[in-house]
Every structure is written in C-alpha cells, then in structure tokens.
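Residue strings, one per chain:
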Amino acid sequence: MIDPQQNARVTVSEIAQLAGVSVSAVSNWRKRYADFPAPVEGAAAGDFFALNDVLVWLERRGKKVRAPKPVGLNELLWGVANALRDVGEANESLLLAMLQVLTLWRFSVNRNARAVSGDASAWSRLVAASEDQLPAAWKHAVESLPIGENLAVREVLTIPSVSWRAVRQVLVAVDRLANEGMREASARVFGEAVSLVIAHMQDSQTIRVFGASTPRSLTSLIVQLLSPVRGLVYDPAAGHAMALAEAAREAAGEDIQLVGQEIAEYSWRVGVLHLALCGFEATLNRGNTLLHDAFRGRVADRIILDPPFNIRLTSTDIVFDPRWTYGTSNVADWMWAQHLLHHLAPNGVGLMVVPMGSLSRGGRDAMIRARLVEAGELDAVIALPPGLVAGVNVSTALLLFDRTRAAKRGDVLFVDARQLGMSRRGLTNELTPEAITRIVNAVRAWRSGNPVSEPTFAAVASAPEILGGTEAAWEQETNADLTPSRFIRYAAETDEVDALEQLEEIKATLESSKHALGATVALNSVIDSAVVCLKPAQEDWPAVRLRDVLEERPVAGSRLDPDGGDDERPFVATSFVTGSGGRIDRLPEERTRSKRKVRAARRGDVLLASRGIDGSSRRVSCAVVHIDADLAFSDSLLLLTPRVDLLDADYLRYTLTSGSGVAALAALATGTTIANIRPDSLMELEIRVPPLAAQRQLVASLRAVEHAAEQLGSAADQVSQLFGLLRNAAAVGLLQPSSTQH
C-alpha cells in the first residue's frame, strides 16, 4: 500500500490515473458501490476526495494501484492557476489571489522560506476551515507569518483579492498538489518557478495579468548589461518586480539592497508578494514616482527603468524640482530619464526602456536630449525589435547611462538590434539568447575601449555629429535625433575574392551567350559593351553618404486628390514607377489638384519607393525622370535630387536597386506592418561614387545591357506565348503535321 501524503486530495481524473482506468469507470464505481469514498466535506462541487480513503478502497476492492505521479513546482503553480480560471472572479484578482495563498503556504510550512520557521498549524487550520470560518483562520495565518518587519507583505495579505469561496478552492488546490519536496525547496528554486509562471501568464494571457511587467527576454538583456549587479538596485517603475527579482539573481550572493516604487496598486501588490516568494528582502513603495519621489536624497548603484510610455504631464504636474536639471517637457519620457540620472551614483549604471519615437521627437524633448548629449551623460542607444511586449506592437530602445566607463569623451554607441527579434505569436517578438549575447558583447567591448567591430550593427558618434554640427541648414531639424539608423553604415560590403569569381562567371556566361545567339549579330556590340562593366576597378572609389551628393533633403510626395485645388499636375503613383523600367519618359494619365504649391519632380530627379521594403524580394522600385514636366508624386515615394557635378541620376538608380543597395535600404527601414524609409536615415546611406565620367560610362554600358535584356525578355515572352498556343492547338486536334518537309 502506498504511504500517502497526509491530507492530500485527488480528483476523479487523478483517481482514474491511479487505477489505470477511464474517468467514466470511476464515475460508474461511485454509482455502483455504496462504500466508495464520499467527497471531502467543503470541497468545491464535491470534486475532491481524500487520497488516503481512495487508496484504502482501491486496495480493498482488489484494484491495481499505480504510484501517484510526483508533482513538481511548475505543476503546483499551474494547478493553482487552473483552479482559479473558472471561479467566476474578476480576472485582475486571480494572479494576486494565487500569490496570496502561495505566500501563506510557503511561509507557514517551508523552513527554507526564512530563517524563522512559520506556524504549520496555522496552514492546517486554514485548509480545514469551512467557508464561514475562513476569515478568522485567514487572519490567524497572516498574523502567524514569520515575515519580521516586512509590513508591506502583511498589508497585501490582509484581505484576499477574491471571494472566500474562491479562496477555499485555491487553498484546496495548493494543499492537494503540494508535497514534501516542495516544502523543502530553496527560496531561489521556488522563486524562479514563481517568476516563470507569472511571465507565462502575462505572455499567454492564461489568466489576464493587469499592470506593467517587463518581458523576460528584455529583462535578461537589461540585467546582463548592468552586470556586475551590486550595491543599491533601484527600479522607479517596478511593475510586478520582474526586473528587480532578476537583478537579485544575477547578483549571486552579493550584498545588495532592492528598492522600488510603483504607481498601480495592483502591480505593487503583485510585486511585493513576488519578491517575498523569491526570498528577497526589498522595499517596494506605492506612489507616483515623478510627482512624489519616495527615495528623495538616495543614490543607487544600479537603476532599471521600464516606465509607461508617452504619459502626458500638465503644467501643475511639472513643478520646480532638482531632478529636472536639463529641462521639462509635457511628455514624461525624458523626465523619467532625468529622474534616473538624479538618483544614479557617481559610479553607477542605469538602463531605461523608451519608445523609439521619443528618440526623435521635437520641441522640449529635443532640447533635453541635446543637453544630455552635451553633458556626456548618455552612453549608448540600442534599438530593439518591435513587439517585445505581448499585444503591444511598439518599437522600443534602451538608453544606457554608464558612469563607470573610463575615458568618457562624450561619444555615444548606437546599436541597431531591430532585426534580432524571434517571432512567437503574431506581432509578438522575443530576444533569443544568441541575440542578447550579441548585443551585450558589442556594448561591453565598446565600454572597454575597443573599436566597433560590426559597422552594420553598431556605430559610435560624437556629440557634434549627434547634434548636427554641419553647415547645411536643411539638416538642422535632425539635431539631437538619437535614432540609431542615423549613424550606422548599412551599405553592404562585397567580398573582393567572391566578386572577382562572380565577374569571371558572368564573363564566361556572356561569351557563351554570344556563341549561342549565333546569327543575332545586332546584339554582339551590346554584349561587348558589357565587358567594360566587368573590368576590375584600378582604384577604390570613395564611399560617401547620400547627404553629401544630394542637392537637398529627400522629400515625400502627397496623396492623390483630383478635386483638391487649382494647381493641377500629372501624378506619379508608386505603381507607375514600378512599371516604368527605371525611366519616366512619358506623362502618367492620373492628375491631381493641390491646394498649395508642393515640390515637383523634374528632369534628372530620382523617385524611390519608400514603403514595403523588407529585403527578402531583393527588389525596390526606383526611376529617373527623363521628361520636361513638373510631376506631382505619391506620399509613398521619396524625391532625390542628385548634385549634377557629383552624381549621375541613373548611376544612383542602379546603385539603389542593386542587391547590396536593396539590403542597405531594408536595414534602414523602420516599422513592422509596413517597412518605411525615413528621409533622415536615407541621407546616412553610404554608396561608392566614382568620378562623374566613369559613372556615365558605367551607366551607358549598364543601360545598353539592360535594354538588350528587355529586348530578349520581350522576344522570349512572345516565343513562350506562341509555344503555349501551338501546344493547346495540338492538344485539341486543331493541328496536324505538314506532308511537306522543309
């Protein structure tokens, strides 16, 4: 006979597993045998039975009994979550109710939860209490907890977040699933299991989790960038305390102190119990951090900040405060950054999550950004994959403030990790361990004084570069724009050996084509002209940024509006550019009427499609205007005006539509639903620019081969169409072989 755990309870399904029969067989036993154990008194819906009584009955009836399957920590926690799902309570109360009951159980019966043992009898009394007796038993259990001066835990536990009926069901589930191994589990093991289940609930919405909680993969990245974790660790927007718990684990025995503040009462309650179940001493205060700083006058060695985004502040919210060293704004994002810096110790490190839009927002935010850069406070900006938070498709970035970095010179590291997200469900992404390692290694190498090793992944910019310290007036609006794509070189580098091999292969293919064409003498000169393009360059053409070879900043067009105003013009849609073969040499049929004068496309201008670029198709729509007309164009097109003394328009088109050009444009694109190219980012794209005469020779050769390819493609299409017609005619009996052989 199995020696069962005292007071353990089982369901009908679990009885079936013990006996190796179906659930319906157990139901029949209950009806057929009068001595079948009755449900435990007070159990919800009579679904639970005393395990000891069931085992005795099975042995008496000669039923073969299987050993009960051991229940692990995850099974315990998910079993409690399942018990909560159908109790009919408000969703936001369920996670908190689970943590409240688990805290009572953990501290009452587990000797490893704290140095002082709890009162195990208080838990037994609580489980045995009827629904009417539960309030008194609950109060006794809370008062008996060995939590010392942790008054926040006692406050959160005072009143359950769900009805006493639901509490009863959760108590039964915990007591039924718990075993001796769980009682002896270390605080670290138990805490990690609790953190994992909370994170899973948040991500999967098994139980709807209200309030803020930093995603697991992002938390892991932040904590690794903070490493080594030491001293006072502070989270001004603590949420469910996921980041504080992970930081404490990373400290691995270091003497640290955890403090935090949270505005939402529900999240604060979850955070308090979460840290308690993890076995971490912490001070977690409730309140509005920006308006009522609970830790005024204290400095922290490590700060983790993942605040709510784009919170609007009123004039009454913004009062004189020593925290606002660099200015004030009616949007909270950069106020949070100043709060972090105000509390950061002279040798501290802080990390903050911000929405991507806050990196380029104008007005007061731009002023604050500029002052932070000038003061040398900002050390790194890391663009993250969009959709890291479940159900929220927002692009985010990390700001690093590192006062431990030696030889700070006012330079800032920019990392573009937007492409490192791994899709989980729809728009939700997560950072893989490999992605986290790549980001952390890049930042650590730079913090150690090493140069950037991946120029298409990271770049360093000085304060003058960031603040737009150039003489071009049309660039001034980019001042203090911290978007990483402004500074990273996305031009794809070509391996020289591979390129030469490809050139030789192309030459051989062209020569074979010449022989194969045979009588097509007219194309021989065209193919010969292609040899000019295949000659290896005798010198390295300089790599320059587009802003240095354009007349003005790229501009987008406007939407088609046939009835807008008096200024009527031919309208170039994106589809017109796509079907133009790279040359706009005729007027489009569509016309638009604008209410105001807008920039028109003229001869020599380049129109580039700016949306839907992902690099996978290796194609991008681009065309050069070759007619004398003022053309209006779509808002999904960007107008580029090359400097006629430096850049040939068709050479620019061929460069942008090449394989490396499309890859570079795709890397510049932002957004997940529709990838867009921002004009400011496009200006930072590097291209190879030979002398103008060489550009024109290359364009002439490329254009000749392109034209020949178009002719051959057209002929091939016609022959293919003829073949299809002949094949179909033969199949239906409309053709027969001629008796005359030619």
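Calculation criteria
- Residues numbered from 1 in each chain as written.
- Predicted model: local features only at pLDDT ≥ 70, side-chain atom pairs only at ≥ 80, totals over all residues.
- Heavy atoms only, no water.
- Helix = DSSP H or I, 4+ residues; strand = E, 2+ residues; numbered from the N terminus.
- Buried < 20%, exposed > 50% of the residue type's maximum accessible area, 1.4 Å probe, protein only.
- Contact = heavy atoms within 4.5 Å.
- Pairing = 2+ DSSP bridges.
- Axes fitted to C-alpha atoms, helices over the stretch in contact; angles between N-to-C directions.
- Right-handed = clockwise from strand over helix to strand, strands pointing away.

**Q** Could you clarify how one ought to interpret the overall build of the chain in this entry?
**A** A tally of helices and strands in the chain yields 25 helices and 23 strands. Classification of the 742 residues of the chain by burial places 50% in the buried group. Taking as baseline every contact in the chain between residues at least 6 positions apart, the subset at least 24 positions apart corresponds to 76%.

**Q** I would appreciate a short explanation of helix α13 (residues 242-251) in the present structure.
**A** Given 3.6 residues to a turn, an α-helix orients residues that are three or four positions apart in the same direction. Burial analysis of α13 places eight of its 10 residues in the buried class, the great majority of the element. Those residues of α13 not exposed but buried are Met 242, Ala 243, Leu 244, Ala 245, Ala 247, Ala 248, Arg 249 and Ala 251. Downstream of α13 by a residue or two, Ala 252 has a phi angle that is positive, lying close to 50°.

**Q** What's the story with the sheet that holds strand β18 (residues 591-594) in this structure? I'm lost.
**A** Reading across the sheet, the three strands line up as β18-β16-β21 and stay open at both edges, with mixed pairing between neighbours. Either end of the sheet is taken by a strand with one partner, and the two such strands are β18 and β21 (632-633). In the sheet, strand β16 (residues 567-572) pairs with β21 via two bridges, with the strands oriented parallel. The residue bridging Val 572 from the neighbouring strand is Phe 633, located in β21.

**Q** Whenever I open this one, the sheet that holds strand β22 (residues 637-640) confuses me. Can you help?
**A** The strands that make up a sheet pair up through hydrogen bonds in the backbone, lying either parallel or antiparallel. In spatial order, the strands read β15-β22-β19-β20-β17; together these five strands make up an open sheet with mixed pairing. Sheet topology places β15 (555-556) and β17 (583-584) at the edges, where each strand pairs with a single neighbour. Pairing analysis gives three bridges linking strand β19 (residues 606-609) to strand β20 (residues 622-625), with the strands arranged antiparallel. In the sheet register, Leu 607 faces β20, and the bridge partner there is Ala 623. Strands in contact with helix α22 (residues 649-656) are β19, β20 and β22; relative to β20, the strand with the most contacts, it is inclined by about 175°.

**Q** Can you help me understand the pairing of strand β5 (residues 282-286) in this one?
**A** One face of the sheet, then the other: side chains in a regular strand alternate in exactly this way. Of the pairings in the sheet, the one linking strand β4 (residues 256-262) to β5 comprises five bridges and is parallel in character. Each residue of the ladder has a partner; that of Glu 262, found in β5, is Arg 286. In this fold, β4 hands off to helix α14 (residues 265-278), which returns the chain to β5; that crossover is right-handed.

**Q** Would you explain unusual backbone geometry in this entry?
**A** What you tend to see is this: most non-glycine residues have negative phi, and most peptide bonds are trans. Between Ser 227 and the following residue, Pro 228, the backbone shows a cis peptide bond with an omega angle of 0°. Here the phi dihedral of Ala 241 falls at roughly 65°; this positive angle occurs in a residue that is not glycine. Structurally, the position occupied by Ala 241 is in the loop between β3 (231-235) and α13. One non-glycine residue, Asn 310, lies in the positive phi region at around 55°. Structurally, Asn 310 can be placed in the loop between β6 (300-305) and α15 (333-343). Of the residues examined, Asn 310 reaches a relative accessible area of 38% and is grouped as partly exposed.

These results come straight from atomic positions and should not be treated as a statement about function.
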